[in-house]
Amino acid sequence: MNIKILGPGCANCVTLERVTREAVAELGLEAEIEKVTDYAAIMGYGVMSTPGLVVDETVVLSGRVPTVAKVRELLEAASS
Amino acid sequence: MSLAAVYRASTPTRRWVGSAGVVVVWFALYEVNLPLWDWILYDVLTLSPTSQLGSGVHFFFYDSVKIVLLLVGVIFVVTVLRSFMSVERTRALLGGKREGVGNVLAAGLGVITPFCSCSAVPAFIGFVAAGVPLGVTMSFLIASPLVNEVAIALLFGLFGLGPTLLYVGAGLVIAVLAGFTLGKLKLERWVEPFVFETRLGGQVIDSTAGLDPGDRVQMGVEEVGSILRKIWPYLLVGIGLGAAIHGWAPEDFFTRYAGESNPFAVLIAVLVGIPLYSNAAGILPLVDALHDKGLPMGTLLAFMMAVVALSVPEMILLRRVLKPRLIATFIAVTGSGIIAVGYLFNAVLP
């Protein structure tokens, strides 16, 4: 599984990365987590409100920092 | 278990009783705040309400509790309401709108759209890519920080409805006129070229799609926590300064330098406000204390708007998409609007 965190690097993006790592650990998933900070690349995913979460090249969430439980839900849906 | 999950698992009756309980507790705390500190400070600790120490300390504790309560209540309500709106929806509404009408709509949407300042650049690019005119985009970007929900909450709590409406109205007028002026100046050449080359890929994702009421309640609670964590140092410094001014500053100190008799007061207030980085929560306790010391409302509103709307970190973010000359023009146009509003209010208000 490939996970990308979209965002220029503000507090919200850092929190999203932490939350995502926790969710991945809780689920015991094999995943590589990348950060995307380049604006052109972020826009390439159609994301206008950061932070954004991309799982296997599909945007699953943008514009807010979710809870660990929410990210787990999204990852489970994406991996099934 | 998350709050959203608790909410979903509850019966409708339990949800209503729970929500009503929270509202009653909030109002009870708000009502008991003044008598409680009167009692603790004046009766138990026998401080004098007329002494400098007594009034300063009272201002600090009473205002801290009052402001935190107002913030908790207002941020929660605003976040839940705003979860129905998104930058993506705003962009769709503004696409194809002409200047003029577009500026008015953009300013209004700037107030109600949830917007984190780190999203300023992607939003800017997204708007421009959707064919929203530059001036209309600027109206949105000016209104968003200028008419700030925290400021609305605190102004209403500390000064009442009149000054709050004046603030919102003035903010909208400044955003419309400044955006319109910037649009007329044809400043496209001062936007970094990559903005016009960047294309929005794939499907534009609406960040609010698929939320249920439980999610919205959860978002409200999380936003209260995250804003309070972010602003508490500013809040404490602001209230501390307010308390110091309230208790110790000589009665005529501020009116002598920034009162109605000084024709440059508004200008000075705005020039002092621009580099002073704070946010509405930190600046309003100060505004409250200065108002008590007799400073006119127009000067104070201009000061507050300069602090929240023209902050250095915001400019650094915008520098990624705008060339320095456009940023300078942006500061000059918005700053002039704020100064004009300050003088207008001072002239109109008794």
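Whatever comes next refers back to the structure up there.
Residues numbered from 1 in each chain as written. Chains lettered and ligands numbered in written order. Predicted model: local features only at pLDDT ≥ 70, side-chain atom pairs only at ≥ 80, totals over all residues. Heavy atoms only, no water.

The next point concerns the overall build of chain A. Each helix and strand counted, chain A has three helices and four strands in total. Going residue by residue from the N terminus, the α and β elements of chain A occur as β-α-β-α-β-β-α. Taking 2.2 N^0.38 as the reference for a compact globule, 80 residues should give roughly 12 Å; the C-alpha atoms of chain A span a radius of gyration of 11 Å, in line with that estimate. The C-alpha extent of chain A, read off along each of the three principal axes, is 30 × 25 × 15 Å. Counting the 80 residues in chain A, one finds 50% classified as buried. Look at the contacts in chain A between residues 6 or more apart in sequence, and 66% of them connect residues 24 or more apart. Per element, the accessible surface of chain A, about 3,400 Å² overall, is 47% carbon and sulfur. Averaged over its 7 positive side-chain charges, chain A has a centre that lies 7 Å from the centre of its 11 negative ones. (Helix = DSSP H or I, 4+ residues; strand = E, 2+ residues; numbered from the N terminus. Rg over C-alpha atoms; globule rule 2.2 N^0.38 Å. Buried < 20%, exposed > 50% of the residue type's maximum accessible area, 1.4 Å probe, protein only. Contact = heavy atoms within 4.5 Å. Areas by Shrake-Rupley, 256 points an atom, 1.4 Å probe, with all protein chains shown as cover. Lys, Arg positive; Asp, Glu negative; His and termini not counted. Charge placed at Lys NZ, Arg CZ, Asp CG, Glu CD.)

Residues and elements named next belong to chain A. Note that Glu 17 resides in helix H1 (residues 11-27). Look at Glu 17 and you get buried, because its relative accessible area is 13%. Non-local contacts of Glu 17, meaning those with residues more than four positions away in its chain, are made with Ile 5, Ile 33 and Lys 35.

A separate point is the nonpolar core. The biggest cluster of nonpolar side chains holds 106 residues, and the ones touching the most others in it are Leu 71, Phe 124, Leu 154, Tyr 167, Leu 284, Met 304 and Leu 322 of chain B. Considering every element that reaches this core, the biggest residue donor is helix H15 (residues 297-309) of chain B, with eleven residues. Beyond its immediate sequence surroundings of up to four residues, Leu 154 of chain B is in contact with Ile 67, Leu 70, Leu 71, Phe 159, Ala 280, Ala 281 and Leu 284 of chain B. Formed by 14 residues, the second largest nonpolar core is a distinct cluster that contains Val 19, Val 24, Ile 33 and Leu 74 of chain A. (Core = buried A, V, L, I, M, F, W, Y, C linked by side-chain atoms within 4.5 Å.)

Residue and element names in this part refer to chain A. Counted according to the given criterion, the structure contains ten salt bridges over all chains. Taking the shortest distance from any N to any O, the salt bridge between Glu 57 and Lys 4 comes out at 2.4 Å. Residue Glu 57 is found in the loop between strand S3 (52-55) and strand S4 (58-62), and its partner Lys 4 is found in strand S1 (residues 2-6); the two are separated by 53 residues along the sequence. Since its relative accessible area comes to 10%, Lys 4 is described here as buried. The network of salt bridges with common partners includes Glu 17, Arg 21 and Lys 35. (Salt bridge = Lys/Arg side-chain N within 4 Å of Asp/Glu carboxyl O.)

Keep in mind these values describe shape, not function.
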